[in-house]
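Residue-level listing of the chains:
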Amino acid sequence: MSQPAPRTSLVHLVVLVALIVGPGAVPPALHAQGVEESLLQLAEDNASLYLEPLTRGLGFTMSGGLLDGARPLGRLGFDFGVGITGALPPTSAKSYEPILPGEVRLHHPTFGDTVFYDPYRIQGGSARTPTVAGDGPGAVLEPNEELRAALVEAGMDPSELEVVLPEGFGIPVVPFPILHASLGLGLGTEASVRFLPTLRIDDEIGELRSTGFAVRHALTTWFTAPVDLSLAMGFQRLEVGEYLEVSSRQYGLLVGRGIGPLTVFGSGMLRSASVEIAYTAENPENHPGLPSDGVRFRVSERIPSDTALGLGARIQFLLMSLSAHYTVDDYPLFSLKAAFGIP
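Residues numbered from 1 in each chain as written. Predicted model: local features only at pLDDT ≥ 70, side-chain atom pairs only at ≥ 80, totals over all residues. Heavy atoms only, no water.

Chemist: Summarise the overall build of the protein chain; cite the residues concerned and give the values.
Modeler: A count of helices and strands for the protein chain gives four helices and 17 strands. The burial tally for the protein chain puts 52% of its 343 residues in the buried class. A separation of at least 24 residues holds for 67% of the contacts in the protein chain among residues at least 6 apart in sequence. Summed over its atoms, the accessible surface of the protein chain is roughly 15,700 Å², and 61% of this surface lies on carbon and sulfur atoms. (Helix = DSSP H or I, 4+ residues; strand = E, 2+ residues; numbered from the N terminus. Buried < 20%, exposed > 50% of the residue type's maximum accessible area, 1.4 Å probe, protein only. Contact = heavy atoms within 4.5 Å. Areas by Shrake-Rupley, 256 points an atom, 1.4 Å probe, with all protein chains shown as cover.)

Chemist: How would you summarise the layout of surface pockets if you had to cite specific residues and measurements?
Modeler: In this structure, the second largest pocket occupies an estimated 350 Å³ of space. Lining the second largest pocket are 18 residues; nearest its centre among them are R71, T263, R314, Q316 and P343. Partitioning the lining of the second largest pocket into residue classes produces five nonpolar, six polar and seven charged. (1 Å grid on protein atoms, 1.4 Å probe; cavity = no way out; pocket = protein on both sides within 12 Å on 5 of 7 lines; lining within 4 Å. Points joined across faces, edges and corners; volume = space filled by probe spheres on them. Nonpolar A, V, L, I, M, F, W, Y, C, P; charged D, E, K, R; others polar.)

Chemist: Would you mind going over the environment of A181 in detail, with residue names and values included?
Modeler: Inspection of the secondary structure puts A181 in strand β9 (residues 174-186). Classification of A181 by relative accessible area gives partly exposed; the value is 28%. The spatial distance from the C-alpha of A181 to the C-alpha of A191 is 8.5 Å, given a sequence separation of ten residues. Apart from residues lying up to four places away in sequence, A181 is in contact with D79, F80, A191, S192 and V193.

Chemist: Requested: an account of helix α4 (residues 145-153), with residues and values cited.
Modeler: For α4, the complete set of buried residues consists of L147, A150 and L151. Each buried residue of α4 lies within a common arc of 100° when the element is viewed along its axis, so the set occupies one face. Seen from the open side of α4, the exposed residues pointing more than 90 degrees away from its buried face are E145, V152 and E153. Residues of α4 that are buried make contact with β3 (103-108), β4 (112-117) and β7 (140-143). Looking one or two residues beyond α4, the residue adopting positive phi is G155, at roughly 80°. (Arc of directions from axis to C-beta.)

Chemist: Account for empty space enclosed by the protein, with residues named and values stated.
Modeler: Under the counting rule described, the total for this entry stands at five cavities of 30 Å³ or more. Volume-wise, the largest cavity comes out at about 140 Å³. Taken together, 16 residues form the lining of the largest cavity, with G65, Q250, M269, H325 and T327 sitting closest to its centre. Residue assignment for the lining of the largest cavity shows that the elements contributing at least two residues are β13 (244-259), β14 (262-280) and β16 (320-328). The dominant element in the lining of the largest cavity, judged by the number of residues it contributes, is β14, at three residues. A breakdown of the residues in the lining of the largest cavity according to their chemical character gives seven nonpolar, seven polar and two charged. Considering only enclosed or pocket space, the second largest cavity measures out at about 120 Å³ in volume. Counting residues per element, the ones that place at least two in the lining of the second largest cavity are β1 (78-87), β9, β16 and β17 (333-342). Split into classes, the residues belonging to the lining of the second largest cavity amount to seven nonpolar, eight polar and three charged.

Chemist: Requested: an account of the sheet that holds strand β8 (residues 163-164), with residues and values cited.
Modeler: Strands sit in the order β5-β7-β8 across an open sheet of three strands; the sheet is antiparallel. Taken across any chain shown, the strands that pair with only one partner, and hence form the sheet edges, are β5 (120-122) and β8. Pairing of β5 with β7 involves three bridges; the strand directions are antiparallel. Residue pairing for β7: Y120 is matched across the bridge by P143. Here α4 sits on the sheet and contacts β5 and β7; the angle it forms with β7, its principal contact strand, is near 60°. (Pairing = 2+ DSSP bridges. Axes fitted to C-alpha atoms, helices over the stretch in contact; angles between N-to-C directions.)

Chemist: Explain the pairing of β16 to me, and be specific about the residues and the numbers.
Modeler: Only one face of β16 is covered, namely the one carrying S321, S323, H325 and T327; the face carrying M320, L322, A324, Y326 and V328 has none of its residues buried. Here nine bridges tie strand β15 (residues 296-317) to β16, and the two strands are oriented antiparallel to one another. If you follow L309 over to β16, its bridge partner there is V328. Joining the antiparallel neighbours β15 and β16 is a turn of two residues, in which L318 adopts a positive phi near 50°. Of the pairings in the sheet, the one linking β16 to β17 comprises eight bridges and is antiparallel in character. Considered in β17, the bridge of S321 is made with A339.

Chemist: Any chance you could break down the side chain of T61 for me, citing the residues and the numbers?
Modeler: The topology assignment puts T61 in helix α3 (residues 44-62). The residues contacting T61, other than those within four sequence positions of it, are T85, G86, A87, V174, P175, F176 and L333.

Any functional reading would require information that these geometric values do not contain.
Below, the structure written as structure tokens:
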């Protein structure tokens, strides 16, 4: 009988799925209890590879959907509303090649205190296993010939030392919802705040909060042109207790042209982001192929500064506006926004 996957305190994933990603964006099987039951205690390298679609996806989605056009609000104009940006994990993010343990140390009267090097192989010969965005069961790591022979000689069942990697949950998109409010300051300048209300999850996880800002300034305030041209910059931060921190930055140019209530716009932004998640390993039975019980891991992801190009449209209905924006990037982004106010 193979070793079952032990429970893991990956609370950040539970929060990402249940509170940020939202119930409608992920298959029903991916709920808090399901994640904790299915994730086994991974060493840092494998945890990073398995979670990459979520960590990178969240970094990309928080650095997208900044503004909905090139024309700022007029002096004392304002709007407020809700938006959502989604990052689409590419096919290459659906699976990964697991990193096998380099050694295990076992103590038994038959073979004493012995270190076995390169002790595992992937059952069935497949070199890849699903990420959290992939589909299907995880790969099984089984003892190789040397370790297997030693276990059999000691009267042990080699399957007891098998390690079952986490299954995939087929996440098609990593979304990030946000509330926003904007105010026209005059001289072609607009300031916006982007936020999520502080929400206390429980005493163990702590609070979820997200704050950010954006500034848009029309260069065409100072000269005439057939199109609207603006500079834009923004920053966003998300924190969930001591388990998750995400920050993103972007700045660049917006260009647009209005035709009646419809505005078509393009964006060229330099964006970057950083994501850090933390979890504690739980291995009370001291399975030799898993991290030690109580070890604290931190998984970091850095999305370096690079250019992202986008195209969007915005339509104004009296005091209401709707907009959509698509950005070409390593993880393509789509953004939808609804707002009410006086332009």
